[in-house]
Amino acid sequence: MKLGIMQPYFFPYIGYWQLLAAVEKYVIYDDVNFIKGGWVNRNRILNGEKVQYINVQMLGASSFKHINEIEVQSNRVFIEKNKKTIWNAYHKRPYFVDAYPLITEILDCGEMNLAKYLEYSIRKICQYLNINTELIISSQIDKDQTLKGEDKVLDICKRVGADTYYNAIGGEQLYDFSRFKKKGIKLCFLKTREMNYCQGKSNFEPDLSIIDVMMNNSVEIIQEMLNDYVLISE
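The structure presented is a predicted model; accordingly, all values stated were derived computationally and were not measured.

By rolling a water-sized probe across the atoms, one finds the places where empty space is left. As a volume, the largest pocket reaches approximately 770 Å³. Contributing to the lining of the largest pocket are 33 residues, with M6, Q7, Y9, N167 and L174 lying nearest its centre. If you list the elements that add at least two residues to the lining of the largest pocket, you get β1 (2-6), α1 (14-22), β3 (42-47), α5 (149-160) and β8 (164-168). Considering each element in turn, the lining of the largest pocket owes the most residues, four residues, to α5. Volume-wise, the second largest pocket comes out at about 160 Å³. In this structure, the second largest pocket is lined by Y13, I14, T192, R193, E194, M195, Y197, F204, P206, D207, L208 and V213. The residue inventory of the lining of the second largest pocket, partitioned by class, reads eight nonpolar, one polar and three charged.

Here you go:
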C-alpha cells in the first residue's frame, strides 16, 4: 500500500495534490508543530501581472503549538476581503464559474480549528478534482508520540500497513533509503515536472496556489497534470 504524509496547507500548489493523488492512503499531519513563514496558513495567487499572497487569519499561532492546537480567527471583514481579492484576480479566467463557488464555500465554512479548517478544504478540493485517496488524520492514529522526524514517519507507515512511502522531492535530504528498506518499506520521492498553462500573462508563474490552476484549467486537464511527475527511488 502506497502512503503519503504531509502537513495540511492553505490551498497548496499542484505538487501537493500530485502526491495526494499518487498514493492509496494519505495522512494529514495535523499533530506536528506549526511553522511560521511556511504554507500552512498562506499561499500565492496571480492578480494581473502581480503575485499576491492570501492567507487565513489565526489566533494564538506559535511554533511551540501543533497545527491542531491553533484557532482560526473568524473575521467576516477579512474573509470577504479574501473573496474579493480572488474575484478580482480571476473573474475573467475561463474556469472561474466552476472554481469560485468552491473557493468561497471553503472560505465561508466557519470551522474554528486550523487543522480541521484545512482538512475541510482538502476534502472539498479532492471532491472537485475527483481524487479518491483515503484521508487519515495523524492525531487519530495510535502511535508513539515520543518519536520524531524519520522515526515517527516509519512508525506511522508500520501502523497503517504501508509498504511504500511517497514523499515530496523537498524532503529528499530528510529520509534515508536504507533505513526504510530495512523496515521493508520502499521510499520514493515525487518530483513535479515543469508545467506551463495559460495564466493570461506573458511570463508563466510556477508553483502558485491550486486556486490558480483551477481557475485556468478544466478538471480533465488538471487530472492530467496530477500525473505529470517523476518518481525517484533507490
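Looking at the element boundaries, N113 is found in the loop between α3 (96-107) and α4 (114-129). In this structure the side chain of N113 is engaged in a polar contact, spanning 2.9 Å, whose partner is the backbone oxygen of N68. Dropping the residues within four chain positions of it, N113 is found in contact with N68, I70 and V72.

To continue, consider the nonpolar core. Inside soluble globular proteins, nonpolar side chains tend to come together where they are buried. Core analysis: the biggest nonpolar cluster contains 82 residues, and W17 and I86 have the highest contact counts within it. A per-element tally of this core places α4 first, with nine residues. Excluding residues that lie within four positions of it along the chain, I86 makes contacts with I45, I54, H91, Y100, I103, L107, I211 and M215.

Within the element layout of this structure, G200 appears in the loop between β9 (186-192) and α7 (210-216). Classification of G200 as exposed rests on a relative accessible area of 52%. For G200 and R93, which are 107 residues apart along the polypeptide, the C-alpha to C-alpha distance reads 7.7 Å.

A word on the pattern of salt bridges. According to the stated counting rule, one finds 13 salt bridges in the structure shown. A salt bridge links R76 to D108; the nearest nitrogen and oxygen atoms lie 3.0 Å apart. Here D108 lies in the loop between α3 and α4 and R76 lies in helix α2 (residues 76-90), a separation of 32 residues in the sequence. The exposure class assigned to D108 is partly exposed, which follows from its relative accessible area of 32%.

With respect to the helices and strands, Y13 occurs in the loop between β1 and α1. A C-alpha to C-alpha distance of 26 Å links Y13 and V160, two positions 147 residues apart in sequence. Sequence-distant contacts of Y13, defined by excluding residues within four places in its chain, comprise N43, D207, L208, S209 and I210.

The strand order β7-β2-β1-β8-β9-β10 describes an open sheet built from six strands, whose pairing is mixed. Edge positions in the sheet fall to β7 (134-137) and β10 (229-233), since each has one partner strand and no second. Neighbour-to-neighbour, the strand axes of the sheet open up by a mean angle of 30°, direction not taken into account. Relative to β10, β9 runs antiparallel, the two being bridged by five bridges. Bridge pairing in β10 places F189 opposite I232. Each of β2 (25-28) and β7 touches α4; the most contacted strand, β7, lies at about 175° to it. Its contacts with the sheet place α5 against β1, β2, β7 and β8, and it is angled at close to 140° to β1.

For the rest of this paragraph, the subject is the pairing of β2. Pairing between β1 and β2: four bridges, direction parallel. By the bridge assignment for β2, G4 is matched with Y26. Crossover β1 to β2 through α1 is right-handed. Pairing of β2 with β7, which is carried by four bridges, proceeds in the parallel orientation. Each residue of the ladder has a partner; that of I28, found in β7, is I137.

Bringing the packing of α1 against α4 into the picture now. Running from N to C, α1 and α4 point in directions that differ by 75°, and their axes come no closer than 12 Å. On the basis of their axis angle, the class for α1 and α4 is roughly perpendicular. Every residue of α4 that contacts α1 at Y16, W17 and L20 is listed here: I122, I125 and C126. Broken down by class, the residue content of the contact of α1 with α4 amounts to six nonpolar, no polar and no charged.

The rules we used
- Residues numbered from 1 in each chain as written.
- Predicted model: local features only at pLDDT ≥ 70, side-chain atom pairs only at ≥ 80, totals over all residues.
- Heavy atoms only, no water.
- 1 Å grid on protein atoms, 1.4 Å probe; cavity = no way out; pocket = protein on both sides within 12 Å on 5 of 7 lines; lining within 4 Å.
- Points joined across faces, edges and corners; volume = space filled by probe spheres on them.
- Helix = DSSP H or I, 4+ residues; strand = E, 2+ residues; numbered from the N terminus.
- Nonpolar A, V, L, I, M, F, W, Y, C, P; charged D, E, K, R; others polar.
- Polar contact = N/O pair within 3.5 Å; in protein donor to acceptor, adjacent residues only side chain to side chain.
- Contact = heavy atoms within 4.5 Å.
- Core = buried A, V, L, I, M, F, W, Y, C linked by side-chain atoms within 4.5 Å.
- Buried < 20%, exposed > 50% of the residue type's maximum accessible area, 1.4 Å probe, protein only.
- Salt bridge = Lys/Arg side-chain N within 4 Å of Asp/Glu carboxyl O.
- Pairing = 2+ DSSP bridges.
- Axes fitted to C-alpha atoms, helices over the stretch in contact; angles between N-to-C directions.
- Right-handed = clockwise from strand over helix to strand, strands pointing away.
- Parallel < 35°, antiparallel > 145°, perpendicular 65-115°, else oblique.

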